[in-house]
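Chains, contacts and geometry: an overview
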Amino acid sequence: MAEERKQTMKTLEKALQNLSEEKRQAIFWIIQHIQIVEWLTDGEKMPQAELQLWIQEAIHKKDNVLLALALYQKFKDQKKPD
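What comes next is a walk through the structure.

Re the overall build of the protein
- When helices and strands are tallied, the protein shows five helices and zero strands.
- Helices (α) and strands (β) of the protein occur, in sequence order from the N terminus, as α-α-α-α-α.
- With respect to the principal axes defined by its C-alpha atoms, the protein has extents near 40 × 30 × 20 Å.
- A burial count over the protein gives 22% of its 82 residues as buried.
- In the protein, once contacts between residues fewer than 6 apart in sequence are set aside, the share between residues at least 24 apart is 60%.
- When the accessible surface of the protein is summed, it comes to about 6,800 Å², and 59% of that surface belongs to carbon and sulfur atoms.
- Within the protein, the 13 negative side-chain charges are centred at a point lying 6 Å from the centre of the 13 positive side-chain charges.

Shown next as structure tokens:
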């Protein structure tokens, strides 16, 4: 278990190093505010078309926090039952 955790941390560290500073800051914002992020992303699945619009808007506006929130919502929705 400890070895698996160590490998996960190495993988995460490498992934973060490959991101721009702005994207790393957005991820750190999500981590620091996880309770409110969880509250915002609870409930029913967001329709895929709507979620895709939020993702595209975030990309267009270069809003990395909005992009991180939308991607977090997408991740959580994948774990929710249909």
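Some details on helix 4 (residues 48–61)
- Between its terminal C-alpha atoms helix 4 stretches 20 Å, which fits the 20 Å expected from 14 residues at 1.5 Å a residue.
- Considered for burial, the residues of helix 4 that qualify are L51, I55 and A58. Along the long axis of helix 4, the arc covered by the buried residues comes to 65 degrees, so they all point the same way. Every exposed residue of helix 4 that faces more than 90 degrees away from the buried side is listed here: A49, L53, H60 and K61.

What about the layout of surface pockets?
- When its volume is computed, the largest pocket comes out at roughly 280 Å³.
- Forming the boundary of the largest pocket are L19, K23, A26, I27, I30, N64, L67, A68, L71, Y72 and F75.
- Going through the elements one at a time, helix 2 (21–32) and helix 5 (64–79) are the ones with two or more residues in the lining of the largest pocket.
- When residues of the lining of the largest pocket are assigned to their parent elements, the largest contribution, six residues, is made by helix 5.
- Of the residues belonging to the lining of the largest pocket, the class tally is nine nonpolar, one polar and one charged.
- For the second largest pocket, the calculated volume is near 150 Å³.
- Considering the residues around the second largest pocket, the lining is formed by L40, T41, M46, L51, W54, L66, L69, A70 and Q73.
- Mapped by element, the contributors of at least two residues to the lining of the second largest pocket are helix 3 (34–41), helix 4 and helix 5.

Observations regarding a nonpolar patch on the surface
- On the surface, I27, F28 and I31 cluster together into a nonpolar patch covering about 240 Å² of accessible area.
- Looking at where I27 falls in the secondary structure, it is placed in helix 2.

Quick word on the nonpolar core
- By size, the foremost hydrophobic cluster in this structure holds six residues: L51, I55, A58, L66, L67 and A70.
- Counting only elements with at least two residues in this core, the list comes to helix 4 and helix 5.
- Residues A26, V37, A68 and Y72 belong to the second largest nonpolar core, which totals five residues.

The rules behind the values
Residues numbered from 1 in each chain as written. Predicted model: local features only at pLDDT ≥ 70, side-chain atom pairs only at ≥ 80, totals over all residues. Heavy atoms only, no water. Helix = DSSP H or I, 4+ residues; strand = E, 2+ residues; numbered from the N terminus. Buried < 20%, exposed > 50% of the residue type's maximum accessible area, 1.4 Å probe, protein only. Contact = heavy atoms within 4.5 Å. Areas by Shrake-Rupley, 256 points an atom, 1.4 Å probe, with all protein chains shown as cover. Lys, Arg positive; Asp, Glu negative; His and termini not counted. Charge placed at Lys NZ, Arg CZ, Asp CG, Glu CD. Expected span 1.5 Å × (residues − 1). Arc of directions from axis to C-beta. 1 Å grid on protein atoms, 1.4 Å probe; cavity = no way out; pocket = protein on both sides within 12 Å on 5 of 7 lines; lining within 4 Å. Points joined across faces, edges and corners; volume = space filled by probe spheres on them. Nonpolar A, V, L, I, M, F, W, Y, C, P; charged D, E, K, R; others polar. Patch = residues over 30% accessible without salt bridge, like charges linked within 9 Å, V, L, I, M, F, W, Y side chains within 5 Å. Salt bridge = Lys/Arg side-chain N within 4 Å of Asp/Glu carboxyl O. Core = buried A, V, L, I, M, F, W, Y, C linked by side-chain atoms within 4.5 Å.

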